[in-house]
Amino acid sequence: MANRLEREPSPYLRQHASNPVDWYPWGEEAFARARAEDKPLLLSVGYSACHWCHVMAHESFEDEAIARLMNEGFINVKVDREERPDVDQLYQGVVQLMGQGGGWPLTVFLTPDLVPFFGGTYFPPKDRYGRPGFPKVLQALREAWDTNRGELLSQAREFREGLGELALHGLDAAPAALKPEDIVSMGLSLLQRMDGVNGGFGGAPKFPNPMNVALVLRAWRRAPEQDALKQAVLLTLEKMARGGVYDQLGGGFHRYSVDERWTVPHFEKMLYDNAQLLHLYAEAQQVEPRPLWRKVVEETAEYVRREMTDARGGFYATQDADSEGEEGRFFVWLPEQVREVLPPELAELALRHFRVTALGNFEHGRTVLESVVSVEALAEELQRPVEEVASGLSEARRRLFEARERRVKPGRDDKILAGWNGLMIRGLAFAGRVFDRADWVESARKAADFVLAELWDGQRLSRSYQEGQARIPGFIEDYGDLAAGLTALYQATFEPRYLEAAEALVRTAETLFWDEERGAYLTAPRTQGDLVVATYATFDNAFPSGASALTEAQVALAALTSNKQYLELPERYVSRMGEQLRKNPMGYGHLALAADALVDGAPGVTFAGTREAVEPLLAVSRTVYAPTFGFTWKAPEAPVPPSMRETFLGREPVGGRAAAYLCRNFACEPPLTDAGVLATRFSSPASRGP
């Protein structure tokens, strides 16, 4: 028999619809029953691509005896953290206060008033891994609720106070404006934490951390004499691109690597990771063009088109790690499987290139494919022309991919999230500019049109779209990510409607989320009534906090519209977070990227002239690494959008030649008509001056 989750559109919740657990979705129905029956709530938070969520589901939630303990002792609530990031953020604080690392599945026990009194992440069905068995936890907590409730309620009060303190972490520091040299210091601080052999930060497990890698690159731009900054970034990007964390056959990046060498990943693929990595590898192409960067961006964009795009253009959320009940089964190979697909000569190339061996590098002798032996090394080893080996490997990859497509694919969470779509719009629009790929820009455009049509009514943004229905009021990350994506899309299309939509989103977000007293942004709209503690969007985690993305969008809008008002809140917020940025750049990487553009004077360039005439100047904006700049184009005879009157005022071609007007701190230099001179000016951030 199905439980209430059968009626929920979330694929993650529906995965639990046939559990013997009497699950409720998060909401008043569950809370009212808990109050009426005087029972604690058992809150379980996860997401559809989460491997250990599946493990706990199979071990505990599908077990009749454990389900009976849950049903008799608790009101059980399931939350999809991708739908309710505010609930997840709040209750992750419980395990942090308990001195544990957060993560999923998240398991928290609450009073009927939603105040937590105990929590953890994954619990095994029996004592294991140094963790108590889940039945033992359930029995102990229910007994304590019945016989020692005073102590539990006292603990709940302490947790509530602790969560309030966690929510305000860093917001009590004295405001301190950032200086250009702070960006360099932050980059050098991050450099000290980078792996000089394998790239990335620290050891195992190793996450891509694209925003922090991008920050190291920003520091190098301001201090090019610190070449180690750039080299650490390029090493990281190369090692990831050649490792198993990158899908060598189908494109796109897995979530993270369980080892320090990027060899064996957790196999889920997240839209937000691939969105940020598209952007980062496109930036690398501007810094130091390489065929590898182009390959990664092309294959990742194709993966998103093939696997993660709805018929109407929106982007899906995640792809699972598991298929046929096993993690990674879809992606890994045995040597005999390779030989079944390929003729002997091609099989030998593939086995060597991807290092597929009888021992394997994964479970049961299977191999996660890596690009281990280069084409050049293979050619030398086999005494064959490089072109012949490259062609053979290309054919081998094509055949292996086609064979893999016949396997049972991992599940896919097909909900369309406004914020995550904003991140992919941003990544594809920027990559489309850098590589001059109109089809990628068109994909970004279709997604933007879909989200604006279905999730934005001109007044409020919804977070999630599924089965023809927009659901859940948007959070700050939805407004910030989408606004940032639309400013990037404007710069790829020069269509004012995307800029105007970004402006409307930013105005609404400032009204809904800005807390004047704290000088910071709330995670959820201030009208949200089901959170026991208000939470603030400060830390950047696997994806930007909504406050960081919104700050990026605000600074970009200032550059694009020449409207100083867009800098008022960024200046206050970045100053508020200044001490935290300096002390902990790892935790605020995306905010630091936005701050970099802010301290650079929100620079912008307006191109004036016909499209044909401005093309050499536009080409510079695509190929030169100028990450803090915003770009606008004033076409002859085209109507001037109201919000861009100030930007376009008096900016015309010069002597019949297309011109570029470079402005910083709302002051403009004389117009430039030479592409080479423009390229030189791009490479001069505010810290080095003209």
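Refer to the structure printed above.
Residues numbered from 1 in each chain as written. Predicted model: local features only at pLDDT ≥ 70, side-chain atom pairs only at ≥ 80, totals over all residues. Heavy atoms only, no water.

J.: Tell me about the packing of aromatic side chains, and name the residues and values.
T.: Following the criterion strictly, the structure yields 36 aromatic pairs and no others. Aromatic side chains Phe-253 and Tyr-281 sit 5.6 Å apart centroid to centroid with 25° between the ring planes, which places their arrangement in the stacked category. Here Phe-253, found in the loop between α10 (227-242) and β6 (256-257), pairs with Tyr-281, found in helix α11 (residues 271-287); they are 28 residues apart in sequence, far enough to count as distant. Accessibility assignment for this pair places Phe-253 and Tyr-281 in one class, buried. (Phe/Tyr/Trp six-rings, centres within 6.5 Å; stacked < 30°, edge-to-face > 60°. Helix = DSSP H or I, 4+ residues; strand = E, 2+ residues; numbered from the N terminus. Buried < 20%, exposed > 50% of the residue type's maximum accessible area, 1.4 Å probe, protein only.)

J.: I'd like a rundown of the packing of helix α17 (residues 418-434) against helix α18 (residues 438-454), residues and numbers included.
T.: It is at 8 Å that the axes of α17 and α18 come closest, and there the two elements cross at 155°. Relative to α18, the element α17 is oriented roughly antiparallel. Along this stretch, α17 crosses α18, giving a crossing that reads as left-handed. Touching Ala-418, Asn-421, Ile-425, Leu-428, Ala-429, Ala-431, Gly-432 and Arg-433 of α17 are Trp-440, Val-441, Ser-443, Ala-444, Ala-447, Ala-448 and Val-451, all from α18. Looking at the contact of α17 with α18, its residues break down into eleven nonpolar, three polar and one charged. (Axes fitted to C-alpha atoms, helices over the stretch in contact; angles between N-to-C directions. Parallel < 35°, antiparallel > 145°, perpendicular 65-115°, else oblique. Left-handed = near helix turned anticlockwise from the far one by under 90°. Contact = heavy atoms within 4.5 Å. Nonpolar A, V, L, I, M, F, W, Y, C, P; charged D, E, K, R; others polar.)

J.: Outline helix α27 (residues 675-682), listing residues and values.
T.: Among the residues of α27, Leu-678, Arg-681 and Phe-682 are the ones counted as buried. All buried residues of α27 project into a common sector of 100° when viewed along the axis, lining one side. Buried positions along α27 lie against α9 (210-222), β18 (604-608), α25 (611-623), β19 (630-634) and β20 (659-664). For α27, the capping residue at the N-terminal end is Asp-674, with a side-chain oxygen 2.9 Å from the backbone nitrogen of Gly-676. (Arc of directions from axis to C-beta. Polar contact = N/O pair within 3.5 Å; in protein donor to acceptor, adjacent residues only side chain to side chain.)

J.: Can you break down the sheet that holds strand β8 (residues 269-270) residue by residue, with the values?
T.: Read from one edge to the other, the open sheet built from three strands follows the order β8-β9-β12, with strand pairing classed as antiparallel. Both edges of this open sheet fall to β8 and β12 (412-413), since each of them pairs with a single strand only. Relative to strand β9 (residues 318-319), β8 is paired through two bridges, and the arrangement is antiparallel. Across the sheet, Met-270 pairs through a bridge with Thr-318, a residue of β9. (Pairing = 2+ DSSP bridges.)

J.: Just give me the short version of empty space enclosed by the protein, but keep the residues and values in it.
T.: Evaluated as defined, the whole model comprises four cavities of 30 Å³ or more. Each pocket or cavity is described by its volume, and for the largest cavity that value is around 430 Å³. Lining the largest cavity are 27 residues; nearest its centre among them are His-279, Gln-491, Glu-552, Pro-627 and Phe-629. For the lining of the largest cavity, the elements supplying multiple residues, two or more each, are α11, α17, α19 (476-493), α21 (546-561), α24 (589-599) and β19. Each pocket or cavity is described by its volume, and for the second largest cavity that value is around 100 Å³. (1 Å grid on protein atoms, 1.4 Å probe; cavity = no way out; pocket = protein on both sides within 12 Å on 5 of 7 lines; lining within 4 Å. Points joined across faces, edges and corners; volume = space filled by probe spheres on them.)

J.: Could you give an account of the layout of surface pockets, with specific residues and numbers?
T.: Roughly 470 Å³ of internal volume is contained in the second largest pocket. For the second largest pocket, the lining is made up of 17 residues, of which Arg-242, Lys-295, His-353, Ser-371 and Val-375 are closest to its centre. For the lining of the second largest pocket, the elements supplying multiple residues, two or more each, are α10, α12 (291-307), α15 (375-382) and α16 (386-405). Here the lining of the second largest pocket takes four residues from α16, the largest share from any one element.

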